[in-house]
Every structure is written in structure tokens, then in C-alpha cells.
Amino acid sequence: MKIEHLGIAVKSLQKSDELFAKLLGKENYKQESVEREGVTTSFYELGDSKIELLEAANPESPIAKFLDKRGEGIHHVAFGVENIGAEIERLKAAGFQFLSEEPKDGADNKLIIFLHPKSTNGILVELCQEKP
Ligand code: ZN
């Protein structure tokens, strides 16, 4: 595993894109909506890892709920894996809980699944694998 990206919840992608472009000294390399998840994302390359800014696309979005409860900030840590199916099996056998049964399509050409924060010290952990 490696840290593939950090997900950061933001109120305004427009404002935060300006801020992160200034902070990182480079523009985002893509902006992408994932309608099923109710999010609009913006990605920055940072060495081998990335920063993913997440804006709520509608009031029902999990990001909207997160912002209401916790405000802006780090939303999840994503671990990049080679074989997401094998990692899910390994982690289930080790007693970890997941937020869904199966991986699904995420942003940036990835298969993704989230672990339940209750089983990971309160941190929302995403596993992601590059789609073949
Ligand atoms: Zn993510």
C-alpha cells in the first residue's frame, strides 16, 4: 500500500482551487464530477501522491453532511492497492468493517471502497485501485 491521495472537504472548489494552486505552486490536473457520490473533485499531483479536493454537488451529499458536522478539512486517507478484491478479503478477515459490500467506480479512473471509521480509529480510509 501507499498513500495514493488525501481527500479534503471544501465548501467552495473555486476558492479552494485558487488557494491550493497558490499553496502547491501548480494548477490542478483535473476536475471531475462523480454524480453517484454527489461530489465534484479537483486533483493535484504531489510527488507520488495526490490531493483530492471534494465539494458537495448537492445538499444530500456525504460531503455536505461532513461539512455541517466537522467543517472544512481532511475527509479521508486513500491507500492505493494493486488488487482491491484481495485487500478487502484480507481486511475483512482481520475484522475491519466496510461502508459497502463491493468496490465501485470513483473519480480519477479508480475502483474504490471505504472502510468504516469505527474500525479505523475514526479515520475514513479509502482503498483504491487503478482500473485496468
Ligand atoms: Zn478519495
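Residues numbered from 1 in each chain as written. Predicted model: local features only at pLDDT ≥ 70, side-chain atom pairs only at ≥ 80, totals over all residues. Heavy atoms only, no water.

### Looking at the pattern of salt bridges
And step 1. Per the counting criterion, the structure on display carries 12 salt bridges.
And step 2. We note a salt bridge from K50 to E4, for which the minimum N-O separation is 2.8 Å. Of this pair, K50 sits in strand β4 (residues 49-56) while E4 is found in strand β1 (residues 2-9), placing the two residues 46 residues apart along the sequence. Across the pair, exposure class does not vary: K50 and E4 are buried alike.
And step 3. Residues E87 and R90 are paired through a salt bridge, measuring 2.9 Å at the closest nitrogen-oxygen approach. Here R90 and E87 lie together in helix α3 (residues 84-93), a separation of 3 residues that amounts to about one turn. (Salt bridge = Lys/Arg side-chain N within 4 Å of Asp/Glu carboxyl O. Helix = DSSP H or I, 4+ residues; strand = E, 2+ residues; numbered from the N terminus. Buried < 20%, exposed > 50% of the residue type's maximum accessible area, 1.4 Å probe, protein only.)

### As for the packing of aromatic side chains
And step 1. Across all of its chains, the model carries 2 aromatic pairs by this definition.
And step 2. With centroids separated by 6.3 Å and ring planes inclined at 40°, the aromatic side chains of F20 and Y44 adopt a geometry described as tilted. Here the residue F20 occupies a position in helix α1 (residues 13-24), and Y44 occupies one in strand β3 (residues 39-46), the gap between them amounting to 24 residues. Considered together, F20 and Y44 belong to a single accessibility category, that of buried residues.
And step 3. With centroids separated by 6.1 Å and ring planes inclined at 40°, the aromatic side chains of Y29 and F43 adopt a geometry described as tilted. With Y29 in the loop between α1 and β2 (30-34) and F43 in strand β3, this residue pair connects regions lying 14 residues apart in the sequence.
And step 4. Relative accessible area serves as the criterion here: at 34%, Y29 is assigned to the partly exposed category. (Phe/Tyr/Trp six-rings, centres within 6.5 Å; stacked < 30°, edge-to-face > 60°.)

### Re the coordination of the zinc ion
And step 1. Those protein atoms acting as donors to the zinc ion are H5 (NE2), E52 (OE), H76 (NE2) and E126 (OE), and they sit at 2.1 to 2.2 Å.
And step 2. Counting the intervening residues between successive donors of the zinc ion yields the motif H-x46-E-x23-H-x49-E. Of this pair, E52 sits in strand β4 while E126 sits in strand β8 (residues 125-130); the two residues are 74 residues apart in sequence, bridging distant segments of the chain. Residues E52 and E126 agree in their burial class; the two are buried. (Donors = N, O, S within 2.8 Å, 3.2 Å for Na, K, Ca; no water.)

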